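Architecture and fold: a report
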Amino acid sequence: MAELCLGTAQLGMKYGINNKVGKLDREAVFEILDTAIKGGIELIDTASVYGEAEELLGEYISNNMDIANDILIISKPNGSIKGLNTTEIENAIRLDLEQSLSRLRRDFLDGYLVHSYRGVDRPEIIEILYKLKEEGLIKKIGMSVYDTDEASKAIERNIDYLQMPCSVFDQRGLSRGGLFRKAKEKGIIVFTRSVFLQGLLMMKENEIPGYLQGLVPYIKQFNDVLSKYNVNKKHALIKFILSEQLIDYMVFGVETKSQLNEILEERHSPSLPEALLEELKDKFNNLPIELILPVHWQKK
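What counts, and at which threshold
- Residues numbered from 1 in each chain as written.
- Predicted model: local features only at pLDDT ≥ 70, side-chain atom pairs only at ≥ 80, totals over all residues.
- Heavy atoms only, no water.
- Pairing = 2+ DSSP bridges.
- Helix = DSSP H or I, 4+ residues; strand = E, 2+ residues; numbered from the N terminus.
- Axes fitted to C-alpha atoms, helices over the stretch in contact; angles between N-to-C directions.
- Contact = heavy atoms within 4.5 Å.
- Phe/Tyr/Trp six-rings, centres within 6.5 Å; stacked < 30°, edge-to-face > 60°.
- Buried < 20%, exposed > 50% of the residue type's maximum accessible area, 1.4 Å probe, protein only.

So, about the sheet that holds strand 5 (residues 141-144). Strand order in this closed barrel of 8 strands is 1-2-3-4-5-6-7-8, and the pairing throughout is parallel. On average, adjacent strands in this sheet sit at an angle of 25° to one another, irrespective of strand direction. Pairing of strand 5 with strand 6 (residues 161-165) involves 3 bridges; the strand directions are parallel. Following the sheet pairing, Met-143 is matched in strand 6 by Leu-162. Those strands touched by helix 11 (residues 233-242) are strand 1 (3-7), strand 7 (189-193) and strand 8 (249-252), and its axis lies near 145° from that of strand 8.

Turning next to the packing of aromatic side chains. This structure, assessed with the given rule, holds 6 aromatic pairs. With a centroid separation of 5.9 Å and 55° between ring planes, the pair formed by Phe-30 and Tyr-60 is classed as tilted. Of the two residues, Phe-30 sits in helix 2 (residues 26-38) while Tyr-60 sits in helix 3 (residues 53-62), which places them 30 residues apart along the sequence. For Phe-30, a relative accessible area of 15% corresponds to the buried category. For Tyr-60, a relative accessible area of 3% corresponds to the buried category. Ring geometry for Phe-191 and Tyr-249: centres 4.9 Å apart, planes at 15°, overall stacked. Taken together, the residues span a long stretch of sequence, with Phe-191 in strand 7 and Tyr-249 in strand 8 at a distance of 58 residues. Here Phe-191 falls in the buried class, since its relative accessible area comes to 1%. For Tyr-249, a relative accessible area of 23% puts it in the partly exposed group.

The next subject is unusual backbone geometry. In this structure, Gln-198 takes a positive phi of about 60° despite not being glycine. Structurally, Gln-198 is set in the loop between strand 7 and helix 10 (216-229). Judged by relative accessible area, which is 25%, Gln-198 ranks as partly exposed. The backbone of Asn-230 sits at a positive phi, close to 55°, despite the residue not being glycine. Assignment of secondary structure puts Asn-230 in the loop between helix 10 and helix 11. For Asn-230, a relative accessible area of 73% gives the class exposed.

Have a look at this one:
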């Protein structure tokens, strides 16, 4: 069964197509972090591009030093490496890492993930990450990917972590080429994100924007399947991921403490009926890529 990893995009900026809260204030962020830690979440995923997420997380940890060593943090660099030589790339990544460590008020990170479009075709980047690992600045290295080709190349690198979108509507890592299975066979820890497709899968049909109307027939079909088995949508979306043996962590974000508590409760909720799981894997395992990857959404 997969464990939970708290994502922090929603804690540092307004994030997600279904975000109705906006950017959270400092007190709300601290309340969510406090609830997550007390709820047993030990791993937190952040990035330098998530607004104030790193700063707020660093402040929270510095105010709670009694639990600081129990919190594991993964972050990601943001600096562009296009057109840079190896030395310049190392300087850019090192600077980004040092700035993240400063914001997080930490001496090292438990994980550091480069985005695959920056690193999957540049083997020297992995060498740079290993150099930083040897210096004790990071414990685990990995890649955050979007596409199956990127994932396949990333798995061939000598990495510790692989992060990729996965949901009922995006089963590429589970079905196409057995990507997650290959990762596990190489000892790579698999993280998935976008269980709610940035909140889209929890929206009402009349709330879905025009540029995503192509998803409406699939959502209607999904709702019909859930009605057939009398299963709640949020429960189905979460347990589809948490029950998957090939996934180690489900990265998720929340906008409120109540949303967090709902997800925490799902860890111990009943498993989905086997027949429902099979039907979901059969009906939704090959949706158009332009509909299931937000990076391809064309807002009009």
